[in-house]
Amino acid sequence: MKHPVSVLSSRLSSAMLAFALLSGCGDKEDPVDPGNGENKPLYAITTQLFSSDPMESFVIVTDQAEQTATLSLDNAIKVPGRALGVGLAKSGSLYVVSDESATITRYNLTSSGSLQQAGTLSLESQGISSLGEYQNNFQFISATKAYYFDGTTAQLVIWNPTEMTVTKSIPLDALNIPDTLLSFSGAIVHLDNQLIMPVGWRPVSGVGITKKAGVVSVDTRTDEPTVALDDRCGYTHDAAVGPDGKVYIATEAYGAAVYRVEGGETPEPCLLRFDPQTRTFDPSFYKDLSSLVGGGTAGALIPGPQGTAYVRVLDESIAPVNEGTHPRTVASGTGWQWWQLNLDTLTATRRTDFPSTTGSVFLFESQNQTLYSEFGAGSASTTLHVLGESGRPTVTTQGLAFSFLQLR
């Protein structure tokens, strides 16, 4: 089952990819030809170990993604800090970043199936000191063009993954709101020649959600960004394309958790509609997420099949909310039900065949499946599940895996 969100829609020919891999790499081993059908699929899973002091991450190369397995860190690449592994799917290259620095490190997949370092690029000259947050902050348009959305400096950096050079940077000044922290989404929509990135804000201090929704849409032919803002609700980090061609954008699970725990002036979790043709929010469309799923604490919008999306609803019989409970604990804890929302009729049905899981979910594309993440208690582990097949579990790794890429 494939979905438009969190997936790069453009595909390059094997010849273009091979040229990109061979340009300026200087490998001792020949990189794998990504067009070689005899090779088994290989994946890079980057996991962050919060239990280590100082914090460190590991990049695991595995051919196991769609079957049940427990992955070892024995032969993984160790990276200081909270790391991500990003790149163009099936290209044979992985770009590793960390919150410890502004350096992008490129690795190429060799004929032996290992990763070999093949160059670095620093974004310090763009005023950036740390890289990371979500995998989707990095968007790869082609072998020679990628975007990096930086929330700390509110800018879009355009760079060349083949030459490992910065092309230019574009300030996104309209996203600067005093006394808030800007966060780009972990979900993103790719349409024809357009990339749609949801945006959310929270206060610099305290626990809360800023009542502001945003979208940055980028014309991938001209690299021109457009910023759209809406004042009706906040932390709208999740997106899915409806059968009408509009993009539906919702408050993510953390925003819903803040609303449940803090109440007061916290904006209620909502569903908005964005028009990719006009690049504006629809002022006539607004839905309270809770009202779509029969009440309760509702958040998230995860793309589903045939014009549907999944909304998460907190089951407090599994995950009770007590006095002093932090919203992060609620959002990352188990107890979130799956409801399937028809984006045409806006009617939702509880999916009892899916097990209740953590509220924080990332989608990853493997060879034959769309997978979603489930984080274990205490940030100790991550298990991937098939989005479909009643949420069948597949691989498990230590730590929190925020990034996943098919290398070939």
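What comes next is a walk through the structure.

Thresholds, definitions, all that
- Residues numbered from 1 in each chain as written.
- Predicted model: local features only at pLDDT ≥ 70, side-chain atom pairs only at ≥ 80, totals over all residues.
- Heavy atoms only, no water.
- 1 Å grid on protein atoms, 1.4 Å probe; cavity = no way out; pocket = protein on both sides within 12 Å on 5 of 7 lines; lining within 4 Å.
- Points joined across faces, edges and corners; volume = space filled by probe spheres on them.
- Helix = DSSP H or I, 4+ residues; strand = E, 2+ residues; numbered from the N terminus.
- Nonpolar A, V, L, I, M, F, W, Y, C, P; charged D, E, K, R; others polar.
- Phe/Tyr/Trp six-rings, centres within 6.5 Å; stacked < 30°, edge-to-face > 60°.
- Buried < 20%, exposed > 50% of the residue type's maximum accessible area, 1.4 Å probe, protein only.
- Lys NZ or Arg CZ within 6 Å of the ring centre and 35° of its normal.
- Pairing = 2+ DSSP bridges.
- Contact = heavy atoms within 4.5 Å.
- Core = buried A, V, L, I, M, F, W, Y, C linked by side-chain atoms within 4.5 Å.
- Salt bridge = Lys/Arg side-chain N within 4 Å of Asp/Glu carboxyl O.
- Axes fitted to C-alpha atoms, helices over the stretch in contact; angles between N-to-C directions.

1. Here we look at the layout of surface pockets
Taken as a whole, the largest pocket encloses approximately 1,100 Å³ of empty space. In terms of lining, the largest pocket is formed by 49 residues, of which the most central are R82, E133, Y134, R328 and F402. Contributions of two or more residues to the lining of the largest pocket are made by β10 (145–150), β13 (180–184), β18 (238–241), α2 (253–262), β23 (298–303), α4 (327–332) and β31 (400–406). Looking at the lining of the largest pocket element by element, the count peaks at 4 residues for β23. Classifying every residue of the lining of the largest pocket by side-chain character gives 25 nonpolar, 16 polar and 8 charged.

2. Looking at the packing of aromatic side chains
By the definition in use, this model includes 20 aromatic pairs. Their ring planes at 65° and their centres at 5.6 Å tell us that Y235 and Y254 sit as a pair that is edge-to-face. Of this pair, Y235 sits in the loop between β17 (224–230) and β18 while Y254 sits in helix α2; the two residues are 19 residues apart in sequence, bridging distant segments of the chain. Assessed through its relative accessible area of 1%, Y235 is described here as buried. The ring of F402 has R82 lying over it, and the distance from NZ or CZ to the ring centre is 5.2 Å.

3. Examining the pairing of β23
For β23, a buried count of 6 out of 6 residues is recorded, marking the element as mostly surrounded by other parts of the structure. Connecting the antiparallel pair β23 and strand β24 (residues 308–314) is a turn made up of 4 residues, with Q306 showing a positive phi of about 50°.

4. Quick look at empty space enclosed by the protein
One pass over the full model with this rule turns up 2 cavities of 30 Å³ or more. What the second largest cavity holds in volume is close to 30 Å³. Along the walls of the second largest cavity sit I45, L71, T382, L384, V395, T396, T397 and A401, which together make up its complete lining. Going through the elements one at a time, β29 (381–386) and β30 (393–398) are the ones with two or more residues in the lining of the second largest cavity. The element that contributes the greatest number of residues to the lining of the second largest cavity is β30, accounting for 3 residues.

5. As for the side chain of T210
In this structure, T210 sits in the loop between β15 (194–203) and β16 (213–219). Note on T210: relative accessible area 16%, which makes it buried. Ignoring sequence-local partners within four residues, the contact set of T210 consists of T180, W201, R202, P203, C233, G234, Y235 and P267.

6. Digging into the nonpolar core
When a protein is soluble and globular, its nonpolar side chains tend to lie buried together. Grouped together as the largest cluster of nonpolar side chains are 40 residues, with contacts concentrated most on I104, L123, F138 and W159. Here the element with the most residues in this core is β31; it accounts for 4 residues. Here F138 is in contact with V86, V97, I104, L131, Y147, Y148 and W159, once residues within four sequence places are set aside. Membership of the second largest hydrophobic core comes to 18 residues, among which are I141, L156, I158 and L182.

7. Comments concerning the sheet that holds strand β27 (residues 363–365)
The 5 strands lie next to each other as β3-β30-β29-β28-β27, forming an open sheet whose pairing is mixed. Every other strand in the sheet has two partners, leaving β3 (69–70) and β27 as the edge strands with one partner each.

8. A short note on the pattern of salt bridges
Think of it this way: side chains of opposite charge can pair up when their charged atoms draw near. Inspection of every chain in the model, using the stated rule, returns 11 salt bridges. The shortest N-O distance in the salt bridge between D223 and K145 comes to 2.8 Å. Of this pair, D223 sits in the loop between β16 and β17 while K145 sits in strand β10, and the two are 78 residues apart along the sequence. On the basis of relative accessible area, D223 is assigned to the buried category, the value being 11%. On the basis of relative accessible area, K145 is assigned to the buried category, the value being 17%. Between D219 and R279 there is a salt bridge, and its shortest N-O distance comes to 4.0 Å. Taken together, the residues D219 in strand β16 and R279 in the loop between β20 (270–275) and β21 (280–281) connect sequence positions 60 residues apart.

9. Section: α2
When α2 is considered as a whole, its buried residues turn out to be A253, Y254, G255, A256, A257 and V258. The elements touched by buried residues of α2 are β23, α4 and β25 (336–342). Just past α2, the residue G263 takes up positive phi, approximately 60°.

10. Topic: the sheet that holds β31
The 4 strands lie next to each other as β4-β2-β1-β31, forming an open sheet whose pairing is antiparallel. Every other strand in the sheet has two partners, leaving β4 (77–80) and β31 as the edge strands with one partner each. The mean inter-strand angle of the sheet, taken between neighbouring strand axes irrespective of direction, is 20°. Strand direction decides the pairing type here: strand β1 (residues 43–49) and β31, joined by 6 bridges, are antiparallel. The residue bridging Q48 from the neighbouring strand is L400, located in β31.

11. Some points on the pairing of strand β2 (residues 56–62)
With respect to burial, β2 is a largely interior element, 5 of its 7 residues being buried. Inspection of the sheet shows β1 paired to β2 by 7 bridges, in the antiparallel sense. Each bridged residue has a counterpart across the sheet, and for T47 the counterpart in β2 is F58. As paired strands, β2 and β4 are joined by 4 bridges and run antiparallel to one another. Within the sheet, the bridge partner assigned to F58 lies in β4 and is K78.

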